[in-house]
Amino acid sequence: MSFFPYVVAVWLFVIGLYGIVTSRNFVHLVICLAVLQSSTYVLLLSIGYRVGGTAPVFAGVRVGTPAVDPVVQALMLTDIVVEATVVALLLALALQLQKHTNTLDPDKLKALEG
Amino acid sequence: MSALAPLPVVIPLSAAAILSALNKFLSRRWADALAILATIATGLICGELLLQARTQPVIHWFGGWTPRAGVALGISFVIDPMGAGAAVFTSLLVLAALVFSLHYFQTVGTLFHVLMLGFLGAMCGFTLTGDLFNLFVFFELMSASAFALCGYKVEEPESMQGALNFAITNTVGAFLVLSGIGLLYGRTGALNMAQIGRTLGGNLDGLVITAFVFIMAGFFIKAAVIPFHFWLADAHAVAPTPVCVLFSGIMVELGIYAVLRVYWTIFDGPFAAHRWEIRGLLLALGSITAVVGAVMCFGQRHIKRLLAFSTISHVGLLTIGFGLLKASALAGVALYVVGHGMVKAALFLVAGLLLHRFSSVDELELHGRARELRATSVVFFAAALGLASMPGFATFRGESAMIDAAGEIGQGWVRAIFFFSGLLTAAAVLRVWGRVFRGMGKGEGAETAGDKKIKEDRETSQPSHGIPAAMFLPAAVLVLLAIATGLTPGLKRAARTAATVMQDRAGYQARVLEHAWVPVTPAEEEHTPMGKGVVWSLATTAAALGLAFLSLSRYWPAKHALVRPVALTVRGLRSIHSGHIGDYVAFLTFGVAAFGVVLAALVHLH
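Residues numbered from 1 in each chain as written. Chains lettered and ligands numbered in written order. Predicted model: local features only at pLDDT ≥ 70, side-chain atom pairs only at ≥ 80, totals over all residues.

Q: Could you give me a rundown of the overall build of chain A, with the residues and numbers involved?
A: When its secondary structure is counted, chain A shows three helices and zero strands. Rg of the C-alpha trace for chain A: 19 Å, well past the compact-globule value of 13 Å for 114 residues, more than 25% over. Counting the 114 residues in chain A, one finds 32% classified as buried. (Helix = DSSP H or I, 4+ residues; strand = E, 2+ residues; numbered from the N terminus. Rg over C-alpha atoms; globule rule 2.2 N^0.38 Å. Buried ≥ 20, exposed ≤ 12 C-beta atoms within 10 Å, placed from the backbone.)

And the structure:
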């Protein structure tokens, strides 16, 4: 197993964080959060990967056939569900912000200082 | 095995589902009744589970997937006294918040109740689970409900900004936790906390350290430990008051609970030889949090924001309690969480009452306006004394347990941090009391040129001239309960027993993986002389009163040359809290990196 997927995971995490820190638009920022999130998908899937493994479907397969780990795939699916909820919620909040202030720029919001 | 075990999650979530399905048909009163009934039922069941867990932790395997030969494939609830106690306390605070909000949000149907019940179910599941990924799922469910509750007042732009800051920082935290869980799974092939702990044993390497840093930092974001705390003040300033009660009273503390649970089931083994480093790191983090939170608290005029910074300071004290890594200190943490949660909830409820009555939570604007609210004034004053850990309150018991434990291992200096935090946070609240309820000091416009005025919309529909009993009673009852738990004999001993069970990694593993009956050994009666602690605590209270009155008097040296450096420091600190999400995430990233580098360096050097 090469370390390449882990490099990708770290890269996605870092680039997502960079996007969040420098973002000038909340919609863009929420998408950066989704990019950051995809690093966990890559990480989980690469942890469960087995060289030469098949999909973890065990009907009609000889005992002892290597398969990739189904547990991390289940975790990843749960992760996607969780993420869909959070992103939807965040976009709804951003929409309300746009409606009431006419801006999506974090730099222009000054209500919560000190 | 107990049939009751899943109910603390099932009941609130079912009630939430019923309420959202019948949203169009149910009148507001029925929704209130159903939500309150579901909360009471949850609390009672958690109480029964607590009673059962006193002799032997209750373990429930969902779908009957019990472990074979020490391998756990199923998902379990492992209900020990600490977890069940946290669930009972959660139900109590949700009940107080629901009763308080009987007069709230008249126009919006039942969505508020649905979110509150979802929040309750998630928090109960979070405290009871024995599975690391399950912990993450409940963490996210809890967060999602909390984000929606925080941004409940959609028409206010501040509200959206606060909710977005809260949601984004906490979601980054959740991904850190998930990455850590993934790494641990890659190493151990397990998600059950007992099995992870057993498989890891005492092995410590770079991967375990990375997983530790990710999981700790993720939960510290929820716990608002500096430098991960920025979201908290924003979220509290904008969230509806009953929601603030839950945020400050229990949600933030559950961040500490998660850190404790994960540490004592999984990481205590690998870091057994490095307790000194872990202790140093946690004591440093806790001290910084306690001091900075207290200073920021004293500098606020927005009452909810002031209380929020006080919560940050007290979380710092809890982190110190955890960092002592002793059973007696852990018992202190539990007692302190209960005491602090009750008085802080009462303070927030009174703030909500003021908002209801006078449409403001600005200390200066409210100057002298609440003079006629005598009973409320007494509750607020008593709660402020509880915040200063006056003897008689549960906070005092928790604080003295933590300080005694620190003294036993030669870390007696933490007393100074407790003193400083108690002094400034209580003085700030007492100052609010003096100004708002007694009309002391100066009001609007006197000394705060340039400080912007605070706008906060009412949360209730009609202007009001009286105080409804449903708004006043929860606060009063919570303060009385804080005193009752401070005086009940045997509670400290029970907390010590619960703490010992939580720290007993071998016992936990045997119970979960081998179905072994490992009896709980009750902590022995202790005879610590109370004298010194009482004196210190009374001194803190007196000093807080003195500082509050001084700050209201004309002798307050606000412009004196000697206090200029202090004022500049405070201004610098305040300017860091910019309300800008980019800054917050930058600090967070820096915090995670620094935490990891320092820990790795310490472990490497040792």
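There is more to say, and it comes next.
Q: Before we move on, could you go through the overall build of chain B and cite the residues and values that matter?
A: Tallying secondary structure elements over chain B gives 22 helices and two strands in all. Taking 2.2 N^0.38 as the reference for a compact globule, 606 residues should give roughly 25 Å; the C-alpha atoms of chain B span a radius of gyration of 23 Å, in line with that estimate. Oriented by its inertia axes, the alpha-carbon framework of chain B measures out at about 70 × 60 × 50 Å. When contacts within chain B are restricted to residue pairs at least 6 apart in sequence, those whose partners lie at least 24 apart make up 84%. (Contact = placed C-beta atoms within 7 Å.)

Q: Explain the interface of chain A and chain B to me, using residue names and the numbers behind them.
A: Contact with chain A, which involves 37 residues of that partner, is made by 38 residues of chain B. At the level of elements, helix H1 (4-22), helix H2 (26-48) and helix H3 (70-101) of chain A are the ones that each hand at least two residues to the side of chain A that touches chain B. Among the elements that make up the side of chain A that touches chain B, the one with the highest residue count is H3(A) (15 residues). By residue class, the composition of the side of chain A that touches chain B is 23 nonpolar, ten polar and four charged. (Nonpolar A, V, L, I, M, F, W, Y, C, P; charged D, E, K, R; others polar.)

Q: Explain the domain arrangement of chain B to me, using residue names and the numbers behind them.
A: Residue and element names in this part refer to chain B. Assigned domains within chain B: domain 1 (1-130) and domain 2 (131-443 + 465-515 + 526-554 + 561-605). For domain 1 versus domain 2, the distance between C-alpha centres works out to 23 Å. With 37 residues of domain 1 at the contact, the number on the domain 2 side is 44 residues. Counting only elements with at least two residues in the side of domain 1 that touches domain 2, the list comes to strand S2 (76-79), helix H3 (81-100) and helix H4 (111-128). (Domains from an automatic or database assignment.)

Q: Can you explain the environment of Ala34(A)? Please cite residues and give values.
A: Assignment of secondary structure puts Ala34(A) in helix H2. Placed 13 residues apart in sequence, Ala34(A) and Ile47(A) show a C-alpha to C-alpha distance of 20 Å.

Q: Pulling in residues and values, what's your account of the nonpolar core?
A: Residues and elements named next belong to chain B. Cys150, Val259, Ala334 and Ala346 are the most contacted members of the largest nonpolar core, which has 256 residues in total. Of all the elements, helix H13 (residues 327-358) adds the most residues to this core, at 22 residues. Of the residues that make up this core, three or more belong to each of domain 1 (1-130) and domain 2 (131-443 + 465-515 + 526-554 + 561-605). Look past the residues within four positions of Val259 in its chain and what remains in contact with it is Met216, Phe219, Phe220, Ala223 and Phe322. (Core = buried A, V, L, I, M, F, W, Y, C linked by C-beta atoms within 7 Å.)

Q: Can you lay out H3(B) for me, pointing to particular residues and giving the numbers?
A: One turn of the α-helix equals 3.6 residues, which is why residues spaced by three or four share an orientation. Look at H3(B): 29 Å from first C-alpha to last across 20 residues, which is about the 28 Å you get at 1.5 Å a residue. A large share of H3(B) lies buried, amounting to 19 of its 20 residues. (Expected span 1.5 Å × (residues − 1).)

Q: Let's hear about helix H21 (residues 564-576) of chain B: which residues, and what values?
A: Here H21(B) is 13 residues long and its end C-alpha atoms lie 19 Å apart, about the 18 Å a rise of 1.5 Å per residue gives. With respect to burial, H21(B) is a largely exposed element, only zero of its 13 residues being buried.

Q: Report on unusual backbone geometry, specifying residues and quantitative values.
A: One can expect most non-glycine residues to show negative phi and most peptide bonds to be in trans. Omega for the peptide link from Ile226(B) to Pro227(B) comes to 5 degrees, which places this bond in the cis form. Considering the arrangement of structural elements, one finds Pro227(B) in the loop between helix H8 (206-223) and helix H9 (230-238). Of note in this structure, Asn102(A) is not a glycine but carries a positive phi near 65 degrees. Within the secondary structure layout, Asn102(A) lies in the segment after H3. When the 9 C-beta atoms within 10 Å are taken as the criterion, Asn102(A) is described as exposed. In the Ramachandran plot, Leu325(B) falls in the positive-phi region, its phi being about 55 degrees despite a non-glycine side chain. Within the secondary structure, Leu325(B) is located in the loop between helix H12 (303-323) and H13.

Q: Tell me about the packing of H2(A) against H3(A), and please be specific about residues and values.
A: Residue and element names in this part refer to chain A. In the contact formed by H2 and H3, the axes pass within 10 Å of each other and the chain directions differ by 175 degrees. As summarised for this structure, H2 and H3 are arranged roughly antiparallel, according to the angle between their axes. Contact residues: Phe26, Val27, Val30, Ala34, Gln37, Thr40, Tyr41, Leu44, Leu45, Ile47 and Gly48 in H2; Val71, Val72, Gln73, Leu75, Met76, Asp79, Glu83, Val87, Leu90, Leu91, Ala94 and Leu97 in H3. Split by residue class, the contact of H2 with H3 holds 17 nonpolar, four polar and two charged. (Axes fitted to C-alpha atoms, helices over the stretch in contact; angles between N-to-C directions. Parallel < 35°, antiparallel > 145°, perpendicular 65-115°, else oblique.)

Q: Report on the packing of H13(B) against helix H14 (residues 374-387) of chain B, specifying residues and quantitative values.
A: All names here are of chain B. Running from amino to carboxyl end, H13 crosses H14 at an angle of 145 degrees, the nearest separation of the two axes being 9 Å. You can see that H13 and H14 cross each other, and the crossing is left-handed. For the pair H13 and H14, contact is made by Gly339, Val343, Ala346, Leu347, Val350 and Leu353 and by Thr376, Val379, Phe380, Ala383, Gly386 and Leu387, respectively. Here the contact of H13 with H14 is composed, by residue class, of nine nonpolar, three polar and no charged. (Left-handed = near helix turned anticlockwise from the far one by under 90°.)

Q: Quick one: what's the story with the pairing of S2(B), residue by residue and with numbers?
A: Residue and element names in this part refer to chain B. Burial along S2 is two-sided: Ser76 and Val78 facing one way and Phe77 and Ile79 facing the other are all buried. Judged from the four bridges that link them, strand S1 (residues 58-61) and S2 form a sheet pairing that is antiparallel. Each bridged residue has a counterpart across the sheet, and for Ile59 the counterpart in S2 is Val78. (Pairing = 2+ DSSP bridges.)

Q: For the environment of Pro5(A), give the residues involved together with the corresponding values.
A: Residues and elements named next belong to chain A. Relative to the elements of secondary structure, Pro5 occurs in helix H1. C-alpha separation for the pair Pro5 and Ser39, spaced 34 residues apart in sequence, amounts to 9.5 Å. Setting aside residues no more than four positions away along its own chain, Pro5 makes contact with Val42 and Ser46.

Q: Could you give an account of the environment of Leu77(A), naming the residues involved and the relevant values?
A: Mapped onto the fold, Leu77(A) is located in helix H3. Considering only alpha carbons, one finds Leu77(A) and Tyr41(A), 36 residues apart in sequence, at a separation of 8.8 Å.

Q: Pulling in residues and values, what's your account of the confidence of the model for chain B?
A: All names here are of chain B. Per-residue confidence for chain B gives a mean pLDDT of 88; residues scoring 70 or more make up 94%. Within the model, pLDDT remains below 50 along residues 446-453, and this stretch shows three contacts once partners closer than five positions in the same chain are excluded. If you check the scores for this complex, the pTM reads 0.93 and the ipTM reads 0.94. (pLDDT = per-residue confidence, 0-100.)

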